[in-house]
Amino acid sequence: MKANIPQMEPWFDDAEANAVFAYMKSGGWLMEFKKTEELERMIADYVGAKYCVMTVNGTVSLWLALRALGVGRGDEVLVPNLTMIASPNAVALAGASPVLVDVEVNTLCMDLEKAVLSVTPKTKALMYVPFNGRSGDMERVVSFCKEHDLLLVEDAAQAFGSFFKEKHLGAFGAIGSFSFSVPKIITTGQGGALVTDNEELYKKMRRLKDFGRDQGGADIHDDWGWNFKFTDLQAVVGIEQMKKLAWRVSRKKELYKRYSDALRDISQILFLPTDLTNTSPWFIDIYVDDPDGLQHYLKENGIGARRIYPAVHTQKIYQPAYREISFPVSEQFAARGLWLPSSSKLTDEEVDYVAEMIKKYYS
Ligand SMILES: Cc1ncc(COP(=O)(O)O)c(C=O)c1O
């Protein structure tokens, strides 16, 4: 019988179902209220930040972060050229210009040696994206931003559960952003979280997502604001998912180790150096010469795999600005990257089966 192993699958059980049922029976209004506050507290504590603000998704959260920091028209923001399109597009949504920077070979995160060449008097912020939970030296990133007077925003959408020197990614900059979309390690369907230690930024972000007011129920709008609030119905799911996070973090690490041990001798496959003490890989990423061929072969055998992102500058909307510029590392890795089945729901037997099929492909 053909296998049926998806590349990714969310994972809920009776805990979420019962919590939603209990919440509905309790007469909750579904909208953002106490449950969202409870989830915000759990996330802030987990990340080690003072404050957390939930919002609708991890794209809007980036926009909220930039807007709260005063990044807008006329400003430039450095963004890695290998990331999900939401990172540069959030900069554009804020009215600023994303300036793409190539990534470094070992982490696929922004290469600071290249970033320095793109700093201009207009550069206001640096958006650091820990690619698949890995980061470069965050102390260096922080000092780079200080040196060049840049605000540091971390798009840690793929890094929930990942650390640098025991500090959670997303907690190094002025504001860190997370996503809880369906493929993430834990999910609320859609969802975004912002963390900060700065009370003023925290209040600003709360106002921005709630019509510019300091208090719900009143119609005093001292500041600009819109409606980007979360819902308690999703928060109820998020609270249950948070209780499973520690286990999932260790399971993701086990999966990564199991795949990389099984495929270590296949010379055609590259695994990036991954420190599993700190890094909880979001997905299992491998780099091969023929990702399309391997993806097709796996699909034929009932195994889901997905190409990693194209380099941002090759996307149609970014091409005109970057036609003459090359980004060798992001181009090379985008051309070679493949995400393998990565759900924390995978069994050891399924991982072994996927690895066996990959070995067969290369034999
Ligand atoms: C690095 C990165 N930033 C931002 C996002 C956008 O998050 P959302 O889908 O919650 O809008 C994603 C989503 O996968 C992402 O991977």
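Residues numbered from 1 in each chain as written. Predicted model: local features only at pLDDT ≥ 70, side-chain atom pairs only at ≥ 80, totals over all residues.

J.: Looking at this structure, I do not really get the pairing of strand β8 (residues 175-179). What am I missing?
T.: A regular strand places its side chains so that they alternate between the two faces of the sheet. The element β8 is extensively covered by neighbouring structure, given that five of its five residues are classed as buried. Bridge analysis of β8 against strand β9 (residues 192-196) gives four bridges, and the strand direction is antiparallel. Along β9, the bridge assignment pairs F178 with A193. (Buried ≥ 20, exposed ≤ 12 C-beta atoms within 10 Å, placed from the backbone. Helix = DSSP H or I, 4+ residues; strand = E, 2+ residues; numbered from the N terminus. Pairing = 2+ DSSP bridges.)

J.: Just checking my understanding: could you explain the domain arrangement of the protein for this structure?
T.: How big an interface is tends to be stated in terms of accessible area lost as the parts join. Taken as a whole, the protein is organised into domain 1 (14-243) and domain 2 (246-362). Distance from the C-alpha centre of domain 1 to the C-alpha centre of domain 2: 25 Å. The partner domain 2 presents 25 residues to the 23 residues of domain 1 that form the contact. Of the residues in the side of domain 1 that touches domain 2, the class split is twelve nonpolar, eight polar and three charged. (Domains from an automatic or database assignment. Contact = placed C-beta atoms within 7 Å. Nonpolar A, V, L, I, M, F, W, Y, C, P; charged D, E, K, R; others polar.)

J.: Would you take a moment to explain the sheet that holds strand β11 (residues 306-307) for this structure?
T.: Within a beta sheet, neighbouring strands are joined by backbone hydrogen bonds and run either parallel or antiparallel to one another. Read from one edge to the other, the open sheet built from three strands follows the order β10-β12-β11, with strand pairing classed as antiparallel. The open sheet has two free edges, formed respectively by β10 (284-287) and β11, since each of these has just one partner strand. Here β10 pairs with strand β12 (residues 337-340) via four bridges, running antiparallel. The residue of β12 that forms the bridge with Y287 is G337. In this fold helix α10 (residues 291-300) packs onto β11 and β12, with an angle of close to 25 degrees to the strand it touches most, β12. (Axes fitted to C-alpha atoms, helices over the stretch in contact; angles between N-to-C directions.)

J.: Which parts of the structure should I look at to understand the packing of helix α3 (residues 60-68) against helix α4 (residues 86-93)?
T.: Helices that pack against each other are described as a pair by the angle of their axes relative to one another and the distance between those axes. Where α3 contacts α4, the axes come no closer than 9 Å and their chain directions differ by 45 degrees. The orientation of α3 relative to α4 falls into the category oblique. Considering only the axes of α3 and α4, their crossing is right-handed. For the pair formed by α3 and α4, the contact residues are L62, W63 and L66 on the first element and A86, S87, A90, V91 and L93 on the second. Of the residues that constitute the contact of α3 with α4, the class distribution is seven nonpolar, one polar and no charged. (Parallel < 35°, antiparallel > 145°, perpendicular 65-115°, else oblique. Left-handed = near helix turned anticlockwise from the far one by under 90°.)

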